[in-house]
Amino acid sequence: MPEADLAGTGQEDAGRVRLAGVLLVGGIVVLAVNLRAAITSLPPVFPELSRSLGLSPAALDLLAAVPVLCFGLFSGAATPLGRRFGEERVLGAALALLAAGLLLRGALPHVLLFPGTALAAAAIALMNVLLGSLIKRRRPDQAGLLVGLYLTTMSGGAIVASVTAVPLFDAAGGDAAGTRLVLGLWALPALAAVAAWLPQLRPRAAAGAPAPAPGGRGGVRQMARYRLAWQVMAFMGLQSLSYYAALSWFPTMFRDRGLSPEFAGDLLALMNLGNAITAMAVPVLAHRARDQRTLVAVAMVATGAGLAGSAYAPTGSAVAWVLLLGLGQGATLGLGIFLTMARAPDPATAAALSGFAQGAGYLIAATGPPLIGVLHAVTGGWTVPVAALLLVAVAQLVTGSLAGRAQTVPSVSHQPHEPQPAGRPDAAV
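Report on the accompanying structure. (Residues numbered from 1 in each chain as written. Predicted model: local features only at pLDDT ≥ 70, side-chain atom pairs only at ≥ 80, totals over all residues. Heavy atoms only, no water.)

A look at the overall build of the protein
Next, step 1: Each helix and strand in the protein was counted, giving 18 helices and 0 strands.
Next, step 2: Counting the 429 residues in the protein, one finds 55% classified as buried.
Next, step 3: A separation threshold of at least 6 residues defines the contact pool for the protein, and within that pool the share at least 24 residues apart is 84%. (Helix = DSSP H or I, 4+ residues; strand = E, 2+ residues; numbered from the N terminus. Buried < 20%, exposed > 50% of the residue type's maximum accessible area, 1.4 Å probe, protein only. Contact = heavy atoms within 4.5 Å.)

Encoded structure:
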C-alpha cells in the first residue's frame, strides 16, 4: 500500500479514536447529571409532599431511606451484570430504568411513589458502581480527572434539582399538579442521557474499548477477606450516611429554625455546590499524592466544622457553614470513589471493590436518614441528631486514615494469598 494511503488510513483511525473519546466523555457527563437529581429534588418539598400525599412522619422517614437502601441492595449486582452483558450496555439499561421509575412515580404518586423511587434508585446503584470501573478500564491514565468531572456534573444536577424543587412545585399550583411535576420532571434528563449513551452500545471493538476483565460476584465476595476492603467500605458508607442524612433533613432543620422553604432549598443547593468544587479537585490531587491520609484529615475537619456550624451557629451565618460542609462532603465523596480504584491493582478488582464498598457501604448509609428522623422526633430538636453526625465524622476520620494508606487489595484474577505484580497487597482478614 502506498505511503500516502497508509498515512490517510492512520489519520482516519486517529480521528475515530478521538471521536470515540469525545463521545465517551460526553456520555459520562450527561449520565452523571442523573446520579443525584432525582433524590435531591425531594427533601426541599418534604412538607409539601406530606400534605399533598398524606404521608406520615414515618412514611417520610422511609422515603428518605429508600434510595440509600436500594443503593446497598442493588450495588452488588452491578459487577456480575457488567461482566455478563458489558458495562456499557448495563449503564444504558440503567438509564432507561431510571427514566421509567421517575415517569411512574410522577404519573401515579399515590400508588407508585415508593415503587418508582425504588426502581430509580436501583438504576442509580448500578451506575454508581459501574461508572468508576468503566473509567478505570477505558481511561486509566485520566482516572482522577474523569472521576472529578463526573462527580462535579453529578453535583451540578443535584444543585439544579434542589434550587428548583420549591419554585416548580409552587409554579404548578401546588398539591396534585406540583407533586406530579416534582416527582416526574427528572425523567427528561434521564431520557436525554439514554440518547447520549447510544454510541457506547456499539460493539466494543468498533468503539475502541478494551474488553471487560474477568471478575463477577465471586470477586465481590472475595473482597470481604481483606481488611483494606473493609476500611474502604466503611469510609464510603459513613460518608454516604452523613451526606444523605444531611440531604434529607437539613432543609427541614433550617425551616424549623425560621428560614423560608425557598432559602432552605437554596442552602441545600449551596451544600451541593461545595460538593461540586471539591469533588472535581480532590480526585486529581489524590491521583498525584503518594497516599490520601492528609486529604482525608482536611476533608473531615471541614465536614465536622460545617455540621456543627450549620446546626448550632446563628442562622445568619448559615451560608458560610453550609458551604464549608459541602466542601468537606464533596472531598470525602471524591476520595471514597477514588479509593475504590486506587486500592485496586486492575479494572476487574476495582469493579469488585467498588461493588463491595458500595453494596455494604450503602446498607450502612441507609440507617442515616431514618436515624436522624427518629432522633429528631424523640428529642424534639436538632442538637442530638447533629451530635450523632459529628460522631460519624470521627469514625470517618479513623476509617479514612486507614483506607488512605498506599496499599492495594489482591487481584481477583489471583488466588487470595498470591503475591501481586505491583503495589503492596493488603493482608487477608
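Let us keep going from here.
Details of a nonpolar patch on the surface
Next, step 1: Together, L69, L73, F74 and L363 make up a nonpolar patch on the protein surface, roughly 350 Å² of accessible area in all.
Next, step 2: Considering each element in turn, the nonpolar patch owes the most residues, 3 residues, to helix α4 (residues 57-85).
Next, step 3: Note that L69 resides in helix α4.
Next, step 4: In this structure L69 comes out as partly exposed when scored by relative accessible area, which is 36%. (Patch = residues over 30% accessible without salt bridge, like charges linked within 9 Å, V, L, I, M, F, W, Y side chains within 5 Å. Areas by Shrake-Rupley, 256 points an atom, 1.4 Å probe, with all protein chains shown as cover. Salt bridge = Lys/Arg side-chain N within 4 Å of Asp/Glu carboxyl O.)

Overview of the environment of A143
Next, step 1: Tracing the chain through its elements places A143 in helix α7 (residues 143-171).
Next, step 2: When the C-alpha positions of A143 and G132 are compared, they lie 8.3 Å apart, and in sequence the two are 11 residues distant.
Next, step 3: Not counting residues up to four positions away in its chain, the partners in contact with A143 are I135 and M341.

Some thoughts on the nonpolar core
Next, step 1: Core analysis: the largest hydrophobic core is formed by 105 residues, its most contacted members being L35, M127, Y150, M223, F250 and F254.
Next, step 2: At 17 residues, helix α12 (residues 227-256) tops the list of elements feeding residues into this core.
Next, step 3: Judged by nonpolar contacts, the second largest core, of 16 residues, contains L49, L53, A165 and V166. (Core = buried A, V, L, I, M, F, W, Y, C linked by side-chain atoms within 4.5 Å.)

Things to note about the side chain of S50
Next, step 1: Tracing the backbone shows S50 in helix α3 (residues 46-53).
Next, step 2: Here L55 takes part through its backbone oxygen, which lies 2.7 Å from a polar atom of the side chain of S50.
Next, step 3: When sequence neighbours within four positions are dropped, the list of residues in contact with S50 reads L55 and L60. (Polar contact = N/O pair within 3.5 Å; in protein donor to acceptor, adjacent residues only side chain to side chain.)

Section: the side chain of S354
Next, step 1: Within the secondary structure, S354 is located in helix α16 (residues 347-365).
Next, step 2: Beyond its immediate chain neighbours, meaning those up to four positions away, S354 contacts V129, T340 and G359.

A short note on the packing of helix α13 (residues 261-288) against helix α15 (residues 318-342)
Next, step 1: Two elements in contact, α13 and α15, have axes separated by 6 Å at closest approach and are oriented at 40°. It follows that α13 is oblique to α15 by the angle criterion. For α13 against α15, the interelement crossing comes out right-handed.
Next, step 2: Residue composition of the contact of α13 with α15, grouped by class: 18 nonpolar, 8 polar and no charged. (Axes fitted to C-alpha atoms, helices over the stretch in contact; angles between N-to-C directions. Parallel < 35°, antiparallel > 145°, perpendicular 65-115°, else oblique. Left-handed = near helix turned anticlockwise from the far one by under 90°. Nonpolar A, V, L, I, M, F, W, Y, C, P; charged D, E, K, R; others polar.)

Looking at the environment of L98
Next, step 1: Locating L98 in the fold gives a position in helix α5 (residues 87-107).
Next, step 2: Non-local contacts of L98, meaning those with residues more than four positions away in its chain, are made with N34, A120, A123, I124, M127 and A190.

So, the packing of α7 against α15
Next, step 1: At a closest axis distance of 10 Å, the pairing of α7 and α15 adopts a crossing angle of 140°. Taken together, the axes of α7 and α15 are oblique relative to one another. Handedness of the α7/α15 crossing: right-handed. Note on element contacts: α15 touches α7 through L333, G334, I337 and M341, opposite A143, V147, Y150, L151 and M154.

Some remarks on the environment of P347
Next, step 1: By secondary structure assignment, the location of P347 is in helix α16.
Next, step 2: Along the sequence, P347 and S411 sit 64 residues apart, while their C-alpha atoms lie 9.3 Å from each other.

Some points on the packing of aromatic side chains
For any pair of aromatic rings, the description consists of the separation of the ring centres together with the inter-plane angle of the planes.
Next, step 1: Inspection of every chain in the model, using the stated rule, returns 6 aromatic pairs.
Next, step 2: Taking the centre distance of 5.9 Å and the plane angle of 70° together, the rings of F71 and Y244 count as edge-to-face. You can see F71 sitting in helix α4 and its partner Y244 sitting in helix α12, a full 173 residues away along the chain.
Next, step 3: Residue Y244 is classed as buried on the basis of its relative accessible area of 5%.
Next, step 4: Ring geometry for F250 and F254: centres 6.0 Å apart, planes at 90°, overall edge-to-face. A residue pair is termed a helical-turn pair when its members lie 3 or 4 positions apart in one helix, as F250 and F254 do in helix α12 at 4 residues. Accessibility classification places F250 together with F254 in one group, the buried group. (Phe/Tyr/Trp six-rings, centres within 6.5 Å; stacked < 30°, edge-to-face > 60°.)

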